[in-house]
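Structural overview
The chain contents come next:
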Amino acid sequence: MNPRHSEVHRVGRLGWLRAAVLGANDGILSTASLVVGVASAEANPANVMIAGVAGLVAGAMSMAAGEYVSVRSQADSEHAERTLESRELREDPKGELKELTEIYVHRGLERDLAREVATQLMAHDALGAHLRDELGMSDETAARPVQAAAASAVSFASGAVLPILAAALAPRDDVTVAIVAVSLVALAILGAASARMGGGSVPRSVLRIVFWGAGAMALTALVGRLFGV
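None of the values given here were measured: they were computed from a predicted structure. What you see as residue numbers is a count from 1 along each chain, following the sequence as written. Reporting of local features is limited, given that this is a predicted model, to residues whose pLDDT is at least 70; pairs of side-chain atoms are given and counted only at 80 or more, and all residues count toward the totals for whole chains, interfaces and linings. Here the side-chain values reflect all heavy atoms present in the structure, with hydrogen atoms and water set aside.

1. Quick look at the overall build of the protein chain
Put simply, DSSP marks the helices as runs of H or I at least four residues long and the strands as runs of E at least two long, and each gets a number from the N terminus on. Helix and strand content of the protein chain: seven helices and zero strands. What you see in the protein chain, going N to C, is helices and strands ordered as α-α-α-α-α-α-α. When each of the 229 residues of the protein chain is scored for burial, the buried share is 35%. Each accessible area is a Shrake-Rupley result for a 1.4 Å probe, and residues are judged covered by the shown protein chains and nothing else. Total accessible area on the protein chain stands at roughly 13800 Å², and carbon and sulfur atoms take up 63% of it. For each residue, the accessible area found with a 1.4 Å probe, counting protein chains only, is set against the maximum for its type, and the residue is called buried under 20%, exposed over 50%, and partly exposed in between.

Here's what the structure looks like:
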């Protein structure tokens, strides 16, 4: 009977988790800051809502485009490395075997054992062995541009909806307070969730995200107040 592998690793989440957390954080923070700034300038509720919705649409598209271009560049680099390694394996298999052997020797294996391991791995999947052990590339961490772009856009829009709803539902005199309160709570929840999913410190993550969120909204409120007057 084979023992079950009970360890749960988070490396497979890195690609989409980074994009989703960044998108949600930016959606909450940038949209909240925008509507707080507009509301602080004594704008009427309709203008506050227009600003919020415009910020949501523009931000989601910007996040998707930026994430796609960035991750696409990474994917192109990975493809170039894969092509180069494939050519080297065709043209100099003995040299590649020696290179892989030296990698395992450097990691602590005896030379004879390192050569045997390298030989067997190259017989099974030479390209995969070199991509993984020479270049640190694997399927789990491979760049996925479309997935990253979609995660960024959806997470940004999901985050941006919260301050917009707060602005729409709050009494006119309490719009700014409602937006700030809802946004800070949402940021705290996001910080805690991302820390738990990524294996980090929850209190530290919450403190960081709330601190910077409060600072950003305070600054835009000040700008809105100054220009509104």
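There's more to say after this.
2. Observations concerning the environment of Ser62
Along the chain, the position of Ser62 falls in helix H2 (residues 45-91). Remark: the alpha-carbon pair of Ser62 and Phe156, spanning 94 residues in sequence, is separated by 9.8 Å.

3. Here we look at the pattern of salt bridges
The rule for a salt bridge is simple: a side-chain nitrogen of Lys or Arg has to be within 4 Å of a carboxyl oxygen of Asp or Glu. Per the counting criterion, the structure on display carries two salt bridges. With a shortest N-O distance of 3.2 Å, Arg72 and Asp76 are connected by a salt bridge. Placement of the pair is Arg72 and Asp76 together in helix H2, with a separation of four residues, close to one helical turn. Here Arg72 falls in the partly exposed class, since its relative accessible area comes to 33%. Where Arg111 meets Glu102, a salt bridge forms, and the shortest distance between an N and an O atom there is 2.5 Å. With a relative accessible area of 45%, Arg111 lands in the partly exposed category.

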